[in-house]
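Remarks on the overall topology
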Amino acid sequence: MISQNDQDLATLILEHSTKLQKGENVMVQLIGLNGISLLRALVEQIREKDAHPFVQIEDSETQRILIQNGDTNFWKNQASVDQLPLMKQMDVFIGIRAAENIYENSLASKEANKAYSEHFLKPVHFDERVNNTKWCIMRYPSPSFAMNAKLPTREFTKFYYDACLVDYAKLKTAMEPLEARLRKTDIIHLKGEGTDISFSVKGQNWVPCYGSHNIPDGELFTSPVLESVNGTITYAPSVYQGKPFEFVKLVVENGVVVDFDSSNNDALKDILDTDEGARRFGEFSFGTNPVIESPMYDILFDEKIYGSNHLTLGKDYEIAPNGNSSNIHWDLVCIGADVFLDGELIRKGREFVKDDLKGLNPDKLLGNS
């Protein structure tokens, strides 16, 4: 039986996020066997719209075996024989991340992760899917996901659907004054506990996100001018390539990470040594989802935390480029830093203080005003 929440979520993804049209090819990818209800709802509604679903169901433990044992030749073959030709025929991509164990790939070696990222993720997803399909990615609730959020399963499930099904039209309207300010901004400065960093965004494109590529959503992003980033930034807990980090602190000079500290320095060094672009930044964003308050070791949620920013290591997005090329894209999140635009304070901690921006504060977005 398909729940009403999953029917509503499928409708949001198809009608709002991807704007599915009759006759389009849709790849629906489920990673992890949890989430089958949402997959079924999507397939049912895709056919009702006379479009064509191509279903991929991947077992996360089998995928772990492939990643741990894959090498350059294996992933090149996987991409060229199967996934890349298929992705090139897709108009829409919908990815459901439903694995129960976020640490499944934690034992994969640096070499294995590099081979997978460089010869599969980059050509199939970063280059083809991101640039040439209407795509949307989301996680699916589970008891293990609830545990990471430190909530009982029932309360977490309610939180999940509340966060995913926010009023995106209201959020879009509230974002517009911030976007207008940012398009006129040269220097952004973040200052908070363990963070004092600045960079230029002069002339960069800004992209508001209100349910198009991620569910849940609520971010406004660009990329920093590549060599302008200077200072120190401290991030909230994160998981990348299956490896947990309770904190990450980076020291940056002229756009390059020159020193670092974390709860897992060996793993962090391996990530930073992936390639030259891994020590540079490809994205900067404001998180604005009013329901998401704290990190839960899942970036699709954590990067949307209200009162947060993420300054991302690695590859830029073609829609907001700065020239950084890398096989990684790691959205590390800084929560609650004061934000200054050209020296003017616009957010104190997690709360916007300018009248035209107060509509982004949770009490306004979740209230009736």
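Here the structure is shown first, and the text comes after it.
Keep in mind that this is a model prediction, so the values were computed, not measured.

**Quick look at helix H7 (residues 153-164)**
Taking 1.5 Å per residue as the helical rise, H7 with its 12 residues ought to reach 16 Å, and the 16 Å between its terminal C-alpha atoms agrees with that figure. Considered for burial, the residues of H7 that qualify are Phe-156, Phe-159, Tyr-160, Tyr-161, Ala-163 and Cys-164. On its buried face, H7 sits against helix H1 (4-17), strand S4 (134-139), helix H6 (143-148), helix H8 (168-182), strand S8 (214-215) and helix H10 (299-302).

**Quick look at the pattern of salt bridges**
Evaluation of the coordinates by the stated rule reveals 19 salt bridges. Residue Lys-22 pairs with Asp-50 through a salt bridge whose shortest N-O separation is 3.9 Å. With Lys-22 in the loop between H1 and strand S1 (25-31) and Asp-50 in the loop between helix H2 (36-48) and strand S2 (52-58), this residue pair connects regions lying 28 residues apart in the sequence. Judged by relative accessible area, which is 33%, Asp-50 ranks as partly exposed. A salt bridge links Glu-104 to Arg-64; its shortest N-O distance comes to 3.2 Å. Of the two residues, Glu-104 sits in the loop between strand S3 (92-97) and helix H5 (110-132) while Arg-64 sits in helix H3 (residues 60-69), which places them 40 residues apart along the sequence. Residue classification places Glu-104 among the buried residues on the basis of a relative accessible area of 17%. Given the relative accessible area of 23%, Arg-64 is considered partly exposed.

**Let's talk about the sheet that holds S4**
Read from one edge to the other, the open sheet built from five strands follows the order S2-S1-S3-S4-S8, with strand pairing classed as parallel. Each having just a single partner strand, S2 and S8 make up the two edges of the open sheet. Two strands pair when backbone bridges link them, and S1 and S3 are joined in this way by six bridges, in the parallel orientation. Of the residues in S3, the one forming a bridge with Val-26 is Val-92. Of the strands in this sheet, S1, S2, S3 and S4 touch H2, which is tilted by about 165° from S2.

**With respect to helix H9 (residues 265-272)**
Turning to H9, its buried residues number three or more, namely Ala-267, Leu-268, Ile-271 and Leu-272. Here the buried residues of H9 occupy an arc of 135° about the axis, which is enough to place them on one side. In this structure, the buried side of H9 is in contact with strand S11 (238-240), strand S12 (243-245), strand S13 (248-253), strand S14 (256-262), strand S16 (308-314) and strand S17 (329-330).

**Brief notes about the environment of Ile-13**
On the secondary structure map, Ile-13 appears in helix H1. Taking C-alpha positions, Ile-13 is 8.4 Å from Leu-42, a pair spaced 29 residues apart along the chain. Ignoring sequence-local partners within four residues, the contact set of Ile-13 consists of Thr-18, Lys-19, Leu-42, Ile-94, Cys-136, Met-138 and Ile-215.

Conventions we followed
Residues numbered from 1 in each chain as written. Predicted model: local features only at pLDDT ≥ 70, side-chain atom pairs only at ≥ 80, totals over all residues. Heavy atoms only, no water. Helix = DSSP H or I, 4+ residues; strand = E, 2+ residues; numbered from the N terminus. Expected span 1.5 Å × (residues − 1). Buried < 20%, exposed > 50% of the residue type's maximum accessible area, 1.4 Å probe, protein only. Contact = heavy atoms within 4.5 Å. Salt bridge = Lys/Arg side-chain N within 4 Å of Asp/Glu carboxyl O. Pairing = 2+ DSSP bridges. Axes fitted to C-alpha atoms, helices over the stretch in contact; angles between N-to-C directions. Arc of directions from axis to C-beta.

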